[in-house]
Amino acid sequence: MSKLLIRRVVVLLTALFLSVSLFAQGTLSIEAPKAVTAGEDFQVYFKADGKISDFHIESFGGLEKIFGPTTSVSSSTQIINGKRTESSTYSYVYLLQAPNVGKYTIPSATATVAGKKCRTEPFVIEVVANATPQSGDSNVDSGDIRLLLTLDKYKGIKGEPVSAT
């Protein structure tokens, strides 16, 4: 290969990598449980991969806002084979409560993320009735507590976070 052709390939690959990394910035997403119990408090996260400004959400689709928004920033640095990469996640967090059984839709939220106008997709949360003991166990009385624990992963790796609800 000639030196000119090698230079062109290197410039083309560099431009491609830069455009992919720039395209990936400026996203806004919502994280919330898909199902909750009536009367239960739960958190809804609006997360972005860049600094958030002009954040706006009209309502929470019938869910009651208990508290919020609070803001947070988490940063991560990785060094792999001498290559350093850094990332930051910016969040708006709300504490909500589901008043009644049914399906609720949190409408789209809008914000400017890293100079780019972004919008979330509407998010549906199903609210179910409070669970009562269904077993014929005679040792269960009205003072006992029934706990339903839901994990986001079936298997994990040592040191990997597992979310429990």
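For the structure given in this document, a descriptive report is provided here. Remember, predicted model here, so these are calculated numbers, not experimental data. (Residues numbered from 1 in each chain as written. Predicted model: local features only at pLDDT ≥ 70, side-chain atom pairs only at ≥ 80, totals over all residues. Heavy atoms only, no water.)

Here's the deal with the overall build of the protein chain
Piece 1. Within the protein chain one finds 1 helix and 10 strands.
Piece 2. Walking the protein chain from its N terminus toward its C terminus, one meets helices and strands in the order α-β-β-β-β-β-β-β-β-β-β.
Piece 3. Residues counted as buried form 19% of the 165 residues belonging to the protein chain.
Piece 4. Nonlocal contacts in the protein chain, meaning residues at least 24 apart in sequence, comprise 62% of its contacts between residues at least 6 apart.
Piece 5. In the structure as shown, the protein chain presents an accessible area of about 12,300 Å², 56% of it carried by carbon and sulfur atoms. (Helix = DSSP H or I, 4+ residues; strand = E, 2+ residues; numbered from the N terminus. Buried < 20%, exposed > 50% of the residue type's maximum accessible area, 1.4 Å probe, protein only. Contact = heavy atoms within 4.5 Å. Areas by Shrake-Rupley, 256 points an atom, 1.4 Å probe, with all protein chains shown as cover.)

Focus: the sheet that holds strand E9 (residues 116-119)
Piece 1. The sheet built from 3 strands is open, its strands ordered E4-E8-E9 with antiparallel pairing. Each edge of the sheet is formed by a strand with only one pairing partner; in this case those strands are strand E4 (52-56) and E9. In this sheet, adjacent strand axes meet at a mean angle of 20° when their direction is disregarded.
Piece 2. Alignment of E4 against strand E8 (residues 110-113), held across 3 bridges, turns out to be antiparallel. What sits directly across from isoleucine 52, in E8, is valine 113. (Pairing = 2+ DSSP bridges. Axes fitted to C-alpha atoms, helices over the stretch in contact; angles between N-to-C directions.)

As for the pattern of salt bridges
Piece 1. In this structure the tally under the stated criterion is 2 salt bridges.
Piece 2. Put simply, lysine 47 and glutamate 31 hold a salt bridge, and the shortest N to O gap is 3.4 Å. Pair noted here: lysine 47 is in strand E3 (residues 41-48) and glutamate 31 is in strand E1 (residues 28-31), with a separation of 16 residues, a long-range link.
Piece 3. In this structure lysine 47 comes out as partly exposed when scored by relative accessible area, which is 25%. (Salt bridge = Lys/Arg side-chain N within 4 Å of Asp/Glu carboxyl O.)

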